[in-house]
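# An overview of the molecular structure
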Amino acid sequence: MTTLLQTIDDPAQLRQLPRSQLEPLAAELRAYVLDSVSKTGGHLSSNLGTVELTIALHYVFNTPYDRIVWDVGHQTYPHKILTGRRERMHTLRQLGGLAGFPARAESEYDTFGTAHSSTSISAALGMALAAKLKGEPRKAIAVIGDGAMTAGMAFEALNNAGVADADLLVILNDNDMSISPPVGALNRYLAQLMSGRFYAAGKDIAKKVLHVAPPLFELAKRLEEHAKGMVVPATLFEKFGFNYVGPIDGHDLESLIPTLENMKQLKGPQFLHVVTKKGQGYKLAEADPVAYHGPGKFDPAVGLTKPATPPKPTFTQVFGQWLCDMGAKDARLVGITPAMREGSGLVEFEKRFPERYYDVGIAEQHAVTFAAGMATEGLKPVVAIYSTFLQRAYDQLIHDVALQNLPVVFALDRAGLVGADGPTHAGAYDIAYLRCIPNVSIACPADENECRKLLTTAFEENHPVAVRYPRGSGVGAAIEPGLAPLPFGKGEVRRTGKRVAVLAFGTLLYPALAAAEKLNCTVANMRWAKPLDLELLLQLAKEHDAIVTVEEGAVMGGAGSAVGEALQAHGIAKPMLQLGLRDEFIPHGDPAKLLALQGLDAAGIEASITARFGELTERIAPSLKVVGS
Ligand SMILES: Cc1ncc(C[n+]2csc(CCOP(=O)(O)OP(=O)(O)O)c2C)c(N)n1
Ligand SMILES: CC(=O)[C@@H](O)[C@H](O)COP(=O)(O)O
Ligand SMILES: [Mg+2]
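Residues numbered from 1 in each chain as written. Chains lettered and ligands numbered in written order. Predicted model: local features only at pLDDT ≥ 70, side-chain atom pairs only at ≥ 80, totals over all residues. Heavy atoms only, no water.

## With respect to the site of ligand 2
Near ligand 2 you find His43, Val72, His74, Phe101, Ile179, His293, Tyr386, Phe389, Arg414, Asp421, His425 and Arg471, and these make up its full shell. Between an oxygen atom of ligand 2 and a side-chain N or O atom of His43, the distance comes to 2.8 Å. The separation between an oxygen atom of ligand 2 and a polar side-chain atom of Asp421 is 2.5 Å. Considered on its own, ligand 2 offers 360 Å² of accessible surface; in the complex 85% of this is hidden by protein. Looking at the shell around ligand 2 residue by residue, the class counts come to five nonpolar, four polar and three charged. (Near = heavy atom within 4 Å. Polar contact = N/O pair within 3.5 Å; in protein donor to acceptor, adjacent residues only side chain to side chain. Areas by Shrake-Rupley, 256 points an atom, 1.4 Å probe, with all protein chains shown as cover. Nonpolar A, V, L, I, M, F, W, Y, C, P; charged D, E, K, R; others polar.)

Okay, structure coming up:
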């Protein structure tokens, strides 16, 4: 039997449905999302929460002519399903499959690529003003979550949009959650809006917007009424120049559709506040939206389960443990996260040291300058941040931390390829973007034990140091429990071979060792991309005919470039091969496969060395014995 959902390959078909069929459609869509995410893994709670909103938006607006920009984009699975991608949902976040976020290359309905948060209002305002300049009557809609709304960028856009003569609709999807429970004064304010006498049942609100009034007129009227003490104060969003409507129930199509239909006719900046529940409709996700924010595969009948045998600790866990241990030893340590408590491994630290734990919201720029301020007062801030999200705070890193040479530790998680999230989240650039900043050092641990030790080294230094480590686990090195550091700026030789020296930065040391074992190359674990261990480098250059560098980061400007620059500066001309991430955006997919495609697995490294320096190498052993593993 054909289901209702199967009849929708395009939102134009959705718009033909009678209103009475939308609720059954929502039920099917929700079940489809749950079923497909349980088979592929991916973002779940946020998608279960946007089912009705997605239907209502495509039902009321003439998409793709009207533009919907989804903030972060991790809530767009219902949108993907309704816009012709239903049958490809089983490929989600896999190599060659659908992306986990909106992607312009994937569909004309994905009007703007997102994944880093809080860009939607800016982008939609740009679209709205472009439409105006071109004389096109299209609408632009930004859908932004309460978490994403905490970022400075969202407020920069509101500030601009509130006085722009643009037909922009901002929809605040307020589920009272970020990935973890939301933080900050804005969250408190939104809670007040919901609990106070502003709150009205959806249908009443729908009536309120039935008469189409120019927003400025509405605002003037409200100000007048306020002066007379007749109404509650204008909301923050009205003060920003928006016509504010809400809050309304974001799961009630009978509220959403008439409200959107009416707001569609209004001119100028409009703001609709909808209230949704993260995980709506799947009891386990409703009860624990954090666990179901981005689960792996699971059986929906059972829910998430613990693996029978405990897996190797992830680098994130190694960091989290180190932070607690160092926090116990040194009361100056403070832990800072821009809204990534779980992902960055700070759950335990918050429990044990709540007074030294700071979740600042989705506010990377603020997080970095906030850390700088603390460092000026003698504290030792550790900013736990994904490599990709530190990109947001580049000026703060240079101007507020490095220029003043402040001792801030950057625990740079997700360095290198991250897999299913794809190019938006890959930590490909940190070595390149950090290396050029004076005073900043960069440690690249090769395994879990080194990670712990290098964090200690970083903490003991009196200047900014980043310790970069990848998503997931490494080789499973035994972790020494103490807090002993490794020497600052020093690497080590891990294998002595002939003629070709392979210099590895980070976890690719292990495939490099495997490749070198076959070709009888020397391998150095360089550990620091900055400062380079010059003594070791010059020694290796003297003793070998060729140098190969290996890193899980962009080749351009990366650690290999640093080696080339250093050799040149010392007047050493050596044939060099730089292996790392190519100058391209690397798609989503299984990280091991992606690394292999980049030629960064053992076989790829061996093949590249053979292709370039084959005559210098000796093929010595058929086995893949890895030194030190
Ligand atoms: C710049 C940036 N920082 C952090 C993140 C990680 N992140 C993804 S979703 C999310 C929470 C977003 O909360 P909200 O906008 O309320 O959406 P919800 O998850 O509640 O649906 C965070 C912190 C990100 N994507 N981009
Ligand atoms: C959408 C977003 O930015 C996060 O949910 C991210 O996908 C989390 O990534 P990790 O799974 O690596 O923590
Ligand atoms: Mg939210």
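## A short note on the environment of Tyr510
In this fold, Tyr510 is placed in helix 21 (residues 509-519). Distance from Tyr510 to Leu272, taken between C-alpha atoms, is 53 Å for residues 238 residues apart in sequence. (Helix = DSSP H or I, 4+ residues; strand = E, 2+ residues; numbered from the N terminus.)

## Here's the deal with the UniProt feature "binding site: thiamine diphosphate" (unreviewed entry) in the protein chain
Under the UniProt annotation, the feature "binding site: thiamine diphosphate" (unreviewed entry) is placed at His74, Ala115, His116, Ser117, Gly147, Ala148, Asn175, Tyr282 and Glu364. Maximum C-alpha separation among the annotated residues is 31.9 Å over a sequence range of 291 residues, too wide for a single clustered spot. Its place among the elements puts His74 in the loop between strand 1 (67-70) and helix 5 (77-85). The residues touching His74, leaving out its near neighbours within four places in the chain, are His43, Ser46, Asn47, Gly100, Phe101 and His293. There is a polar contact of 3.2 Å between the side chain of His74 and the side chain of Ser46. Locating Gly147 in the fold gives a position in the loop between strand 2 (140-145) and helix 7 (152-161). Taking the relative accessible area as the measure of exposure, Gly147 reaches 6% and is therefore buried. (UniProt positions renumbered as here; feature names shortened; annotations may be inferred. Contact = heavy atoms within 4.5 Å. Buried < 20%, exposed > 50% of the residue type's maximum accessible area, 1.4 Å probe, protein only.)

## Focus: the sheet that holds strand 13 (residues 500-505)
Strand order in the open sheet formed by five strands is 12-14-13-16-17, with mixed pairing between adjacent strands. The open sheet has two free edges, formed respectively by strand 12 (492-495) and strand 17 (576-581), since each of these has just one partner strand. Within this sheet the neighbouring strands show an average axis-to-axis angle of 25°, counted without direction. (Pairing = 2+ DSSP bridges. Axes fitted to C-alpha atoms, helices over the stretch in contact; angles between N-to-C directions.)

## Focus on the packing of aromatic side chains
One pass over the full model with this rule turns up 18 aromatic pairs. Each ring, one from Phe237 and one from Phe271, has its centre 4.0 Å from the other, and the planes form 15°; the classification is stacked. One end of the pair, Phe237, is in helix 11 (residues 236-239); the other, Phe271, is in strand 5 (residues 270-275), with 34 residues separating them in the sequence. Of the residues examined, Phe237 reaches a relative accessible area of 0% and is grouped as buried. (Phe/Tyr/Trp six-rings, centres within 6.5 Å; stacked < 30°, edge-to-face > 60°.)

## What about the site of ligand 1?
Near ligand 1 there are 22 residues, and of these Ala115, Gly147, Asn175, Lys278 and Glu364 occur at the shortest range. Between an oxygen atom of ligand 1 and a side-chain N or O atom of Asp146, the distance comes to 2.9 Å. Within the complex, 97% of the 580 Å² of free accessible area of ligand 1 lies under protein. A per-class count over the shell around ligand 1 returns nine nonpolar, nine polar and four charged.

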